[in-house]
Amino acid sequence: MKKLGLGCMRLPLLNPENQASFDMEQITDMVDTFLKRGFTYFDTAYIYHNYQSENLVKRVLVERHPRDSFLLATKLPIYKIKEPGDAEQLFNEQLEKTGAGYFDYYLLHSLGEKSYATAEQFDCFGFAMRKKKEGKIKKFGFSFHDSAEMLDTILTAHPEVEFVQLQINYLDWENKSIQSRLCYEVARRHGKDVIIMEPVKGGALANVPPAAEKLFKEHAPSMSVPSWAIRFAAGLPGVIMVLSGMSNREQLLDNMSYMDDFVPLSEAEQALCFRVAELIKQAALVPCTTCRYCTDGCPVSIPIPDYFNLYNDMLQGEVGVTESLQEKYQTLSAGKGRAADCISCRQCEQQCPQHIDITGMLQKVSKEFDS
């Protein structure tokens with residue numbers, strides 16, 4: 001199994017403001033090219049692309065390719081479970097939406113202190129194991145966005161879990177909130193296979209500050225900037241898969257070029273990644289991965305990730321808000337909430353896997369773009 005997986009979370013769109021406006025021609029071509037090159041792993045979830053990703057997978061993958069030619073992973077949305085029977089209903093809905101018949105990898109989605117309590121209350125671990133016995137799940141695990149201590153608690157209580165999906169990248173390796181290294185070490189101590197998400201941190205490690213990019217290019221001119229991030233993740237012992245949310249054919253071709261015959265980073269190259277991480281931290285960029293969990297339910301409909309991307313572009317431009325960035329802001333805010341409209345309800349922060357002070361950052365965005 002080649003270690004690169006196609007994450008169906010940031011697929012090409014015809015309209016960036018509509019997460020369900022799929023560029024079907026490009027996506028179909030990407031899926032076909034991916035499979036032809038011997039890559040087989042596809043990762044989706046109930047919530048991705050405004051709840052339409054699983055439907056899309058059925059159209060471009062399941063209905064067009066033999067079931068034994070690919071591996072499909074999806075996730076049980078714990079936040080949707082309110083009473084006994086909900087897990088069964090959601091699972092059956094996912095089977096119908098994907099048309100897959102069974103899931104090669106099935107995860108409890110985004111476990112943390114609160115969601116883990118819900119999973120325990122409604123016996124989601126037991127439910128998944130029953131589905132495994134029925135042959136509806138081949139491998140069972142969970143994705144995780146919390147502390148290493150919490151991860152240890154879950155894995156100690158549930159040794160039946162076969163793998164964990166963790167956010168790991170060289171920028172978050174020593175991050176006190178994400179705890180990439182600590183969580184990785186816990187998973188390895190429990191003997192679990194590791195699947196890595198956000199190796200490029202939602203694209204943030206594909207668009208590094210100029211000084212950081214210079215370091216990479218001086219060492220290996222032919223290697224793309226995101227290749228460093230993915231190779232860093234894929235080279236860790238015990239990692240069986242690295243997911244990349246590829247947004248166009250060019251990204252797909254680039255990722256496959258170095259993952260086709262994967263070569264891990266050397267110790268010197270890993271050290272270079274950590275030097276780049278320090279430069280990124282100094283740039284004070286917003287660590288947003290554009291997962292869009294924060295936008296669902298925003299009472300004033302603020303396109304938070306889009307504003308953060310603009311703010312990061314401004315910081316990396318080092319010249320303040322340019323006319324083109326201001327025009328983009330005006331376009332993005334048309335018919336939606338501006339950064340200044342934030343009412344500080346902080347519901348978005350409860351959903352953010354990156355633990356960003358979203359309210360505070362929106363104030364900074366507003367100072368630059370609303371003035």
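Right, let's walk through the structure included here. (Residues numbered from 1 in each chain as written. Predicted model: local features only at pLDDT ≥ 70, side-chain atom pairs only at ≥ 80, totals over all residues. Heavy atoms only, no water.)

Regarding the overall build of the chain
Tallying secondary structure elements over the chain gives 16 helices and eight strands in all. Dimensions along the principal axes, computed over C-alpha positions, put the chain at roughly 60 × 45 × 45 Å. A total of 371 residues make up the chain; the buried ones form 54% of that total. Residue pairs in contact within the chain that sit at least 24 positions apart in sequence constitute 75% of those at least 6 positions apart. Computed over 40 positive and 49 negative side-chain charges, the separation of the two mean positions in the chain equals 3 Å. (Helix = DSSP H or I, 4+ residues; strand = E, 2+ residues; numbered from the N terminus. Buried < 20%, exposed > 50% of the residue type's maximum accessible area, 1.4 Å probe, protein only. Contact = heavy atoms within 4.5 Å. Lys, Arg positive; Asp, Glu negative; His and termini not counted. Charge placed at Lys NZ, Arg CZ, Asp CG, Glu CD.)

Concerning empty space enclosed by the protein
Per the counting criterion, the structure on display carries four cavities of 30 Å³ or more. A volume near 90 Å³ is recorded for the largest cavity. As for the largest cavity, its lining consists of 14 residues, and the residues nearest its centre are Cys288, Cys291, Cys294, Cys352 and Ile356. Ranked by residues supplied to the lining of the largest cavity, first place goes to helix α13 (residues 304–317) with three residues. Residue composition of the lining of the largest cavity, grouped by class: ten nonpolar, three polar and one charged. (1 Å grid on protein atoms, 1.4 Å probe; cavity = no way out; pocket = protein on both sides within 12 Å on 5 of 7 lines; lining within 4 Å. Points joined across faces, edges and corners; volume = space filled by probe spheres on them. Nonpolar A, V, L, I, M, F, W, Y, C, P; charged D, E, K, R; others polar.)

Things to note about the packing of aromatic side chains
Summed over all chains, the structure comprises 21 aromatic pairs. Between Phe34 and Phe39, the aromatic rings sit 5.2 Å apart at their centres with planes inclined by 25°, giving stacked as the arrangement. Assigned by exposure class, Phe34 and Phe39 land together as buried. Both rings, one in Phe232 and one in Phe274, keep their centres 5.6 Å apart while their planes meet at 85°; by these two values the pair is edge-to-face. You can see Phe232 sitting in helix α10 (residues 225–234) and its partner Phe274 sitting in helix α12 (residues 267–282), a full 42 residues away along the chain. With a relative accessible area of 2%, Phe232 lands in the buried category. Its relative accessible area of 32% is what places Phe274 among the partly exposed residues. The rings of Tyr170, Trp173, Tyr184, Phe216, Trp228, Phe232 and Phe274 are connected pair by pair, giving a single aromatic cluster. Sitting above the plane of the Tyr102 ring, Arg67 keeps its charged end 3.9 Å from the centroid. Its end group placed over the ring of Tyr102, Lys138 keeps NZ or CZ at 4.8 Å from the ring centre. (Phe/Tyr/Trp six-rings, centres within 6.5 Å; stacked < 30°, edge-to-face > 60°. Lys NZ or Arg CZ within 6 Å of the ring centre and 35° of its normal.)

Observations regarding the nonpolar core
Within the largest apolar cluster, 91 residues are counted, with the highest numbers of intra-cluster contacts made by Leu108, Leu111, Phe125, Phe142 and Tyr170. With seven residues, the single largest contributor to this core is α10. Ignoring sequence-local partners within four residues, the contact set of Phe125 consists of Leu108, Leu111, Tyr116, Ala119, Glu120, Phe140, Phe142, Ile154, His158, Glu160 and Val161. Judged by nonpolar contacts, the second largest core, of 23 residues, contains Tyr307, Cys352, Ile356 and Phe369. (Core = buried A, V, L, I, M, F, W, Y, C linked by side-chain atoms within 4.5 Å.)

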